[in-house]
Structure formats: C-alpha cells, structure tokens
Amino acid sequence: MFNITPIPAFDDNYIWTLSTTGSLEVAVVDPGDADVVAAYLQDHNLNLAAILITHHHWDHTDGVESLVSSYDCPVYGPADSPFKGITRPLEDGDTLSLLGHNIRVYAVPGHTLDHISYYLASDTPQLLCGDTLFLAGCGRLFEGTPEQMHQAMSFFSTLPDNTEVYCTHEYSLANLAFAAAVEPGNSAITDTIQRCKDLRADNLPTVPTSIGTEKQINPFMRSTEASVRDAAEQHCGVVMNNATEVFAAIREWKNNF
Ligand code: ZN
Ligand code: FE
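A brief look at the structure comes next. (Residues numbered from 1 in each chain as written. Chains lettered and ligands numbered in written order. Predicted model: local features only at pLDDT ≥ 70, side-chain atom pairs only at ≥ 80, totals over all residues. Heavy atoms only, no water.)

## Some words on the overall build of the chain
And then number 1: Across its full length, the chain holds nine helices and 14 strands.
And then number 2: Computed over its C-alpha atoms, the radius of gyration of the chain comes to 18 Å, within 12% of the 18 Å expected for a compact globule of 257 residues.
And then number 3: Dimensions of the chain, computed from the C-alpha atoms along their principal axes, are close to 55 × 40 × 35 Å.
And then number 4: Within the chain, contacts between residues separated by at least 24 positions form 60% of all contacts whose residues are at least 6 apart in sequence.
And then number 5: Counting 12 positive and 33 negative side-chain charges, the chain places the averaged centre of each group 6 Å from the other. (Helix = DSSP H or I, 4+ residues; strand = E, 2+ residues; numbered from the N terminus. Rg over C-alpha atoms; globule rule 2.2 N^0.38 Å. Contact = heavy atoms within 4.5 Å. Lys, Arg positive; Asp, Glu negative; His and termini not counted. Charge placed at Lys NZ, Arg CZ, Asp CG, Glu CD.)

## A closer look at the sheet that holds strand 7 (residues 95–98)
And then number 1: One open sheet holds the six strands; their spatial order is 7-8-9-10-13-14, and the pairing between them is mixed. The two strands at the open ends of the sheet, each matched to only one other strand, are strand 7 and strand 14 (209–210). (Pairing = 2+ DSSP bridges.)

## A look at the nonpolar core
And then number 1: In terms of nonpolar packing, the biggest core is built from 59 residues, with Leu 18, Leu 52, Leu 98, Tyr 118, Met 153 and Phe 156 touching the most fellow members.
And then number 2: The greatest single-element share of this core, amounting to five residues, is contributed by helix 9 (residues 243–255).
And then number 3: Non-local contacts of Phe 156, meaning those with residues more than four positions away in its chain, are made with Val 108, Ser 117, Leu 127, Cys 129, Thr 132, Leu 133, Ile 211 and Met 221.
And then number 4: The next biggest cluster of nonpolar side chains, apart from the first, holds 20 residues, and it includes Ile 7, Leu 48, Ile 53 and Ile 86. (Core = buried A, V, L, I, M, F, W, Y, C linked by side-chain atoms within 4.5 Å. Buried < 20%, exposed > 50% of the residue type's maximum accessible area, 1.4 Å probe, protein only.)

## Things to note about the coordination of the zinc ion (ligand 1)
And then number 1: Within the protein, the atoms that donate to the zinc ion (ligand 1) are His 55 (NE2), His 57 (ND1), His 111 (NE2) and Asp 131 (OD), at distances of 2.2 to 2.3 Å.
And then number 2: Angles of 86 to 170° at the metal separate the four donor atoms of the zinc ion (ligand 1), which places the site in the irregular class.
And then number 3: On the primary sequence, the residues serving as donors to the zinc ion (ligand 1) are separated as H-x1-H-x53-H-x19-D.
And then number 4: A separation of 3.2 Å is found between the zinc ion (ligand 1) and the iron ion (ligand 2), both of which receive a donor from Asp 131. With a gap of 56 residues between them, His 55 in the loop between strand 4 (47–52) and helix 2 (58–61) and His 111 in the loop between strand 8 (101–107) and strand 9 (116–120) connect regions that are remote in the sequence.
And then number 5: Looking at His 55, the relative accessible area reads 0%, which means it is buried.
And then number 6: Under the relative-accessibility criterion, His 111 is labelled buried at 4%. (Donors = N, O, S within 2.8 Å, 3.2 Å for Na, K, Ca; no water. Tetrahedral: all angles 85-135°; square planar, octahedral: opposite > 155°, others 65-115°.)

## Observations regarding the coordination of the iron ion (ligand 2)
And then number 1: Protein ligation of the iron ion (ligand 2) involves Asp 59 (OD), His 60 (NE2), Asp 131 (OD) and His 169 (NE2), the donor distances falling in the range 2.1 to 2.4 Å.
And then number 2: One way to put it: the four donor atoms around the iron ion (ligand 2) meet at angles of 85 to 168°, and that makes the site irregular.
And then number 3: Asp 59 gets classed as buried once you look at its relative accessible area, which sits at 10%.

## Quick look at the side chain of His 111
And then number 1: Only 3.3 Å separates the side chain of His 111 from the side chain of Asp 131, close enough to count as a polar contact.
And then number 2: In this structure, His 111 is in contact with His 55, His 57, Asp 131, Gly 139, Arg 140, Leu 141, Phe 142, Glu 143 and Met 149, ignoring residues within four places of it in sequence. (Polar contact = N/O pair within 3.5 Å; in protein donor to acceptor, adjacent residues only side chain to side chain.)

## Here we look at the sheet that holds strand 5 (residues 75–78)
And then number 1: Taken together, the six strands give an open sheet; going across it, the order is 1-2-3-4-5-6, and neighbouring strands pair in mixed fashion. The open sheet is flanked by strand 1 (3–9) and strand 6 (88–90), the only strands paired with a single partner. Averaged over neighbouring strand pairs, the angle between their axes works out to 25° when direction is ignored.
And then number 2: Where strand 5 meets strand 6, three bridges bridge the pair, whose relative direction is parallel. Its bridge partner lying in strand 6, Pro 78 is registered against Leu 90. (Axes fitted to C-alpha atoms, helices over the stretch in contact; angles between N-to-C directions.)

This is the structure in structure tokens:
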C-alpha cells in the first residue's frame, strides 16, 4: 500500500500525496493549487514523479500546468476529459504502474462524465475517488445522471469493507447532518458525527473513511435499505419502485437541504 498524506488546498480540498517508505518520489492526485504542492515538496525534499487526475474541474486541475513545467512529470487522467493537460490517457479497466504499485482505473461518471477513480488492491486496499464518494455523501450531478452515480455507488459497495476511501473534499459534517435527517435512528451516523466533530475541533481531516463505514452511514450507498427508501418516499410523497429512484430522490433532497 501507499503512504497517503493530504495537502489542504482552498477552503476544503485535499490534494493527496502517494509515496512509498524509503523513497523520495511522490505522486499527487488532483492538484488544483500548484503553490501548496510545490511548498510541500520543498519542505519534505521530495520529487514529483507523477500527477493523477480524477476529473476535469478546476479545483482538481488548475495546478497541473505549473507543476509540469517545474517537475516535467507525466499526467494521468481520463482519456475523454475536457481538461487538455493529460499526457497519459486512461480508460475504464486500465492498469497503471506507479511507484512500484499497480493501480486499477475504474470509470465512475456522474459528478462529471469524465470521472475516474484509482484503486490499489492490497491487504488494506486504497481508493482515490475524487468528487464521487464522500464521507456520508456523494458528489453533485453536474454532468451525469442519477443512474450513473447510483451505478458508481453500487460499484464502490463491491470493494472490500476495509478499503480506505480518500475523498477530495472535507464535506463530512454537512453530509452527516443530511444523513441524520434521512435516518434519525441510525446510531452509526450519530457516532460518526461525534468522531468527526472531535477531529475537526483539532483541525484534523475526517477522511479517509472506509467502504465498510460508508455502507453503514452513507444514504447514497444505502438506497436499498428500507429505512432510506421510507424516508425518501415520505419526503417526496410517492411510492418508489427501485433503488435508483430512491437514490435520485435523496440526491435531489440533499441539493435543497
Ligand atoms: Zn468536482
Ligand atoms: Fe472538487
């Protein structure tokens, strides 16, 4: 597995650095801000070996051009991205070799159409999922359909429970407030709110989370649960026939929460 460390950027972004013990080579994921990355590399005496992009949004890509001009490293990212700085285009199912590890690429459209995630299988698997899966939440649907995002959530739920989930934004407490509104009786949500409040009080990240935790607390990964369906039906005042409808309803509910 990688050693993974966040570089905070903007108001609530995390730029994740991937490295292996004993090496001074690192990769960064979604560097929206070059300055904070360059400062981190200089402070720790590190060389930038690669950049990984999950999707085209500016807060994930704006630092790429400047970092490439300083470090001349490859830029991995979705082949179909509107972002033009990608030098190593990737498709669903591709494997890339990075710092001695093989990373698998999975397309997870929904937040954007070009969105991909990066997965490292190991005893403790690691998932870099950009703006798709968040602690107790999921990304907004800027380009994709509820069906697509629901499919991405269903895919994530097939990963091992102990998979570490590295989200790109610190949205946890706001997401948890919504999760608690959907499932007031879910004690795993209540417990997670306390844990995250304690971490934020110390100015620490609440992520990574894990797939196992998300299956217990994340309404967007729980649209097959009766409690979530009941809440969605009550909120919308209609009967829902499948998990995709439930997902679409709670996504819409969250947009206006
Ligand atoms: Zn985004
Ligand atoms: Fe973002």
